[in-house]
Amino acid sequence: MELLANILISAMIAATPLLFAAIGELVAERSGVLNLSVEGMMIVGAIAGFSTVIATKSVLLALAAAIASGAVMAALFGVLALTLRANQVASGLALSMFGLGLSALWGQGYSGLSAPAFPRLFVPGLSDIPFLGKLLFGQDGLIYLSLTMVAAVAWVLDRTRLGLIVRAIGENHDAAHAIGYRVVALRYLALMFGGAMAGLGGAYLSLVQTPLWVERMTAGRGWIALALVAFAAWRPWRVLLGAYLFGGITILQLHSQALGVKIDAQLLSMLPYLATIVVLVVISRDVVKVKLTAPQCLGKPFHAAD
Amino acid sequence: MLRLEPRREPSRIMFYVTPFLAIGLTLVAGIVLFAALDKPPLPAMRLIFIEPLTSLRGVAELLVKGTPLILIAIGLAISFRGGVWNIGAEGQFAIGALAGGTVALAFYPTTGWWLLPLMSLAGMAGGAAWAAIPALLRTRFNANEILVSLMLVYVAVLLLSSLVHGALRDPDGLNFPESRLFQTSLPILIEGTRAHVGFLVGLVAVLLSWILLERHVLGFKIKVLGQAPRAARYGGFSEKGLIWFCFLVSGGCAGLAGLFEAAGPVGQLVPALPSGYGFTAIVVAFLGRLNPLGVLLAGLLLALTSIGGETAQIAMSLPSATTAVFQGMLLFFLLAADVLVNYRPRWIAQRSAAADPLARSEAPVGTMQRLPIP
Amino acid sequence: MRASRLAKLVAGSAVAGLMALVGWAAHAQTKPKVSFVYVGPIGDHGWSYQHHQGLQALKAEFGDKIDTNYVENVPEGPDAERVIDQLAASGSSIIFTTSFGFMNPTIKVAARYANVKFEHATGFKQAPNVATYNARFYEGRHVIGLIAGKMTKTNTVGYIASFPIPEVVMGINSAYLAAKSVNPNIKFKIVWVSTWFDPGKETDAAKALVDQGADILMQHTDSPAAMKFAEEKGIYAFGQASDMASFGPNAQLTSIVDNWRPYYIRRVKALLEGTWQTSDTWDGIKQGTVSLAPWSRKLPADVVKLAETARDGIAAGTLHPFTGPINKQDGSPWLKEGEKASDKDLLSMNFYVAGIEGALPK
């Protein structure tokens, strides 16, 4: 029971950076923008958060810095892809490379340092309940924030006027523009929300999961986050499911090794990726269902004089 | 305020000028960057852009570095023209090297004139087969090819690594994770350098793809599929057939590029063989405006700045991050400047957006701007 | 028309600018230049960082008698040969290539530059102008194995491993045999993460091991993530490659430190004196290439004594971590009573010794 709780907690922690980045990217994509630079935004967020916590000792300021730097990176992408109408795939890849380089440059001198431990939630009484208590009430605040963000994004997209508009510009930007919505401005906002969340995901890595800075520490998580969005068919709650599934498989893989299960470690490492493909095939078979959720204008350039 | 107005047709002048404009802007930004880092900026620029071109060795290395980029990007350009978003070239590259390399190792130590062609065929087949997976899943199950091909990159890299640590490991190599050195290698183009015939194959690929895209009905169909999938359907083209074609061609090119790396500069299979060419090639394809000749130039430019970046690193003790940032800026400006081909910047007085008669997205959209609808 | 003139102007000035830059010439090199090629960033706080410490030591030792330069983040793929070639072409006198994957590129380049000396770390191919060097890290693993055997309360050691190459397998076996010798109930739980460097994954592996009962962590991956995790959990761990005490002031019991300084100084001195010759060096604790970070204050006196005795024994040559009788995992005999493992056996080691559970990945 104790072991199971621990495995679940580890899975949640492994999933959280993915969840932040993916839920942000989901919003950007629902507004019709495909931003492939998630990896770059995450790693810049990671160093921004880390360098700030070293300088100020304030976790809140660090998170703010991560959020801001992620949003700035996203805005840069916006300048390229929205204002200057460069191809989105290429812009995303280019900014990803830029982000990796920038973070390495920024991070020089921070490599030997370590951040203070991140505060954990502790609810007297509740956190002491066996199994559930630890699972539900003993985590760091950002895990709860990530879950809150999923709920908030789901609510905003499905239940509010703002969400309706965001979806509308993602579905048909010409029509949305004709009605009078400011397509480009709204897409900037959606993008920057995505960047902010990616920055937060990066900061989760450098402040909570492994509280230190090392170059390239995101190690491909931005790409996984991108995959999760499509895996989830652009639905917030499915992003949550996907992220936790992915985290779960990663952790189970390590546990099964420690238990002495005889499987090739590298083949085991392929599991999460193969699982994503399989699930993707299963959910995509229903053409109509996918069409209902995939933003129709995703990645298409939009021009209007606004 | 500054406003972008769509041109009636793409500007031919801007078409040629923007790359120079972008390079000029990068020079300026680079000078600022290096000055900020307390490194002499002008020599740095010279090291990056000029130095590699001043020696035979540098030029040869330019061809070595450019070959895989060009070969992969050519395949991708065809594929992207058709609106087929194969972004898993890195994985197809790895599997191509693996398949071709396995052929060499299977015949070890036998060799002959037939071996290299056989390896190349296997490399192409391997890359195409790996690309066939997203093709099948897209055409049969409607699965998003961006996602599937991306996921398969990780699987391919792990597979290569796993086999090189295991079955394909050099039996005389003290169990280190690398295969034997191949018994054959690509013929060298320039004596005393590493430039190999792969570059010529790359040039042939450029030519063939130009004929395909500009002179052949199949290329026409691919472009229609990319720009107006619905029209393609009504036109009676086999959408699935074209998707398969795009995937197989781009996968085959990437696979061949992988084999060339393994059988050329490296000479064996190593886990680190896939070192990012597949992703960089995507940027190359777009910088080249999905046009074969453009891809050739863009591939060489990126190769130049990579090699120049290394030169600068060595000569000035720069951290490698500096060149990464510099290259990122170059890509940024190149992509940004392209806007001038299709749009005209205009300084105009404040005007209400809704009243603007041009405010519709009927703007001419160049092929390079059509994009991924999963 | 205006546009075209503008175009010409822009193109023209860009070309002119470039031409002007061509005039710049690099400074001529007169002093011997010592170059390093690193596989990772010098900020990795592990493998490449330690080699870079060696470079710094050279600067301090030889001052303005030599020039130094380095290239970091060089992938072990097709780019490696070009970087090494470029260093050779640009006037380096001696080039240290510090990762196994640089072996064949180094050999190839060396064949083209007979006057340049090459030193390749961890490989096994030599040439008249290519020497190889490595460190007997397994000696350090023996010492930390002893400490782990004594300090564990759960009798379970967690081991984060990268790839099943001889180097890593040797380390596991060495640590296990040592731990077993002082604690017959010891168990090793081993997780292969298939990466040298992924802090997140290393942390996840550390967590999995701790969740399954490990109370001491060893690692053969490069980031300090596991150490940081151990600190947070309040358990013990051993550092890898460099002294990681700053990441785990309470957690680190000691660390196996790669100290390349003595070797680098020796070789560059030989170069300056004109006595450089190719060689195959495998130094260990005795020569100082493998050293142990200062003992943690948490270590009881008797454990410190045990560890120091072993360390000094290895240095003196009276103790060899692989001394028979030792059987392989499958029960077949490997070393007879009193027999010591040959270097060749060690360098191609691809089996677990008897007692280790789980299968060695192939």
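Worth saying up front: this structure is predicted, and the values here are computed from it rather than measured.

Parameters and conventions
- Residues numbered from 1 in each chain as written.
- Chains lettered and ligands numbered in written order.
- Predicted model: local features only at pLDDT ≥ 70, side-chain atom pairs only at ≥ 80, totals over all residues.
- Heavy atoms only, no water.
- Helix = DSSP H or I, 4+ residues; strand = E, 2+ residues; numbered from the N terminus.
- Rg over C-alpha atoms; globule rule 2.2 N^0.38 Å.
- Buried < 20%, exposed > 50% of the residue type's maximum accessible area, 1.4 Å probe, protein only.
- Contact = heavy atoms within 4.5 Å.
- Areas by Shrake-Rupley, 256 points an atom, 1.4 Å probe, with all protein chains shown as cover.
- Lys, Arg positive; Asp, Glu negative; His and termini not counted.
- Charge placed at Lys NZ, Arg CZ, Asp CG, Glu CD.
- Axes fitted to C-alpha atoms, helices over the stretch in contact; angles between N-to-C directions.
- Parallel < 35°, antiparallel > 145°, perpendicular 65-115°, else oblique.
- Left-handed = near helix turned anticlockwise from the far one by under 90°.
- Salt bridge = Lys/Arg side-chain N within 4 Å of Asp/Glu carboxyl O.
- Disulfide = S-S within 2.5 Å.
- Phe/Tyr/Trp six-rings, centres within 6.5 Å; stacked < 30°, edge-to-face > 60°.
- Lys NZ or Arg CZ within 6 Å of the ring centre and 35° of its normal.

(A) Local environment of the overall build of chain B. The number of helices and strands found in chain B is 14 helices and two strands. In terms of overall size, chain B behaves like a compact globule, its C-alpha atoms giving a radius of gyration of 22 Å where 374 residues would be expected to give roughly 21 Å. Dimensions of chain B, computed from C-alpha atoms along their principal axes, come out at roughly 75 × 60 × 30 Å. Burial analysis of chain B (374 residues in total) assigns 63% to the buried set. Put simply, 77% of the contacts in chain B that link residues at least 6 apart link residues at least 24 apart. Accessible surface computed for chain B: about 13500 Å², of which carbon and sulfur atoms make up 66%. Here chain B contributes 26 positive and 18 negative side-chain charges, whose respective centroids are spaced 11 Å apart.

(B) Quick peek at the packing of helix α2 (residues 47-62) of chain C against helix α9 (residues 261-273) of chain C. Residue and element names in this part refer to chain C. One can describe the packing of α2 onto α9 by two numbers: an axis separation of 9 Å at closest approach and a directional angle of 50°. Judged by the angle between their axes, α2 and α9 are oblique. Two packed elements cross with a definite hand, and for α2 against α9 that hand is right-handed. Contacts between α2 and α9 involve His-51, Gln-53, Gly-54, Ala-57, Leu-58, Glu-61 and Phe-62 from the first element and Arg-261, Tyr-264, Ile-265, Val-268, Lys-269 and Leu-272 from the second.

(C) Representation of the pattern of salt bridges within the structure. Tallied over the full model, the rule gives 22 salt bridges over all chains. For B:Glu214, the salt bridge goes to B:Lys223, with nearest N and O atoms at 3.9 Å. Owing to a relative accessible area of 32%, B:Glu214 belongs among the partly exposed residues under this scheme. Note that C:Lys108 and C:Glu81 form a salt bridge whose closest N and O atoms lie 3.6 Å from each other. With a gap of 27 residues between them, C:Lys108 in helix α4 (residues 103-112) and C:Glu81 in helix α3 (residues 79-89) connect regions that are remote in the sequence. Residue classification places C:Glu81 among the buried positions, given a relative accessible area of 3%. Salt bridges here are not isolated pairs; linked through shared partners, they connect B:Arg57, B:Glu61, B:Lys65, B:Arg194, B:Glu310, C:Asp79, C:Glu81, C:Arg82, C:Asp85, C:Lys108 and C:Arg112.

(D) How the structure looks around the state of the cysteines. Residues and elements named next belong to chain B. As enumerated under the stated definition, the model contains zero disulfides over all chains in all. No disulfide involves Cys-246; its nearest neighbouring cysteine sulfur is the one of Cys-253, lying 11 Å away. Residue class for Cys-253 comes out buried when judged on its relative accessible area of 14%.

(E) Summary view of the packing of aromatic side chains. The final tally for this structure, using the stated rule, is 37 aromatic pairs over all chains. Measuring from centroid to centroid gives 4.9 Å for C:Phe36 and C:Phe96, while their planes differ by 15°, and the two rings are stacked. With C:Phe36 in strand β1 (residues 33-37) and C:Phe96 in strand β3 (residues 94-97), this residue pair connects regions lying 60 residues apart in the sequence. For the pair formed by C:Phe36 and C:Phe96, the shared burial category is buried. By way of ring pairs, the aromatic residues C:Phe36, C:Tyr38, C:Trp47, C:Tyr70, C:Phe96, C:Tyr133, C:Phe137, C:Trp260, C:Tyr263 and C:Tyr264 are connected into one cluster. Lying across the ring of B:Tyr343, A:Arg85 places its NZ or CZ 4.5 Å from the centre. For B:Arg289, the ring lying beneath its charged end belongs to B:Phe15, and the centroid distance is 4.3 Å.

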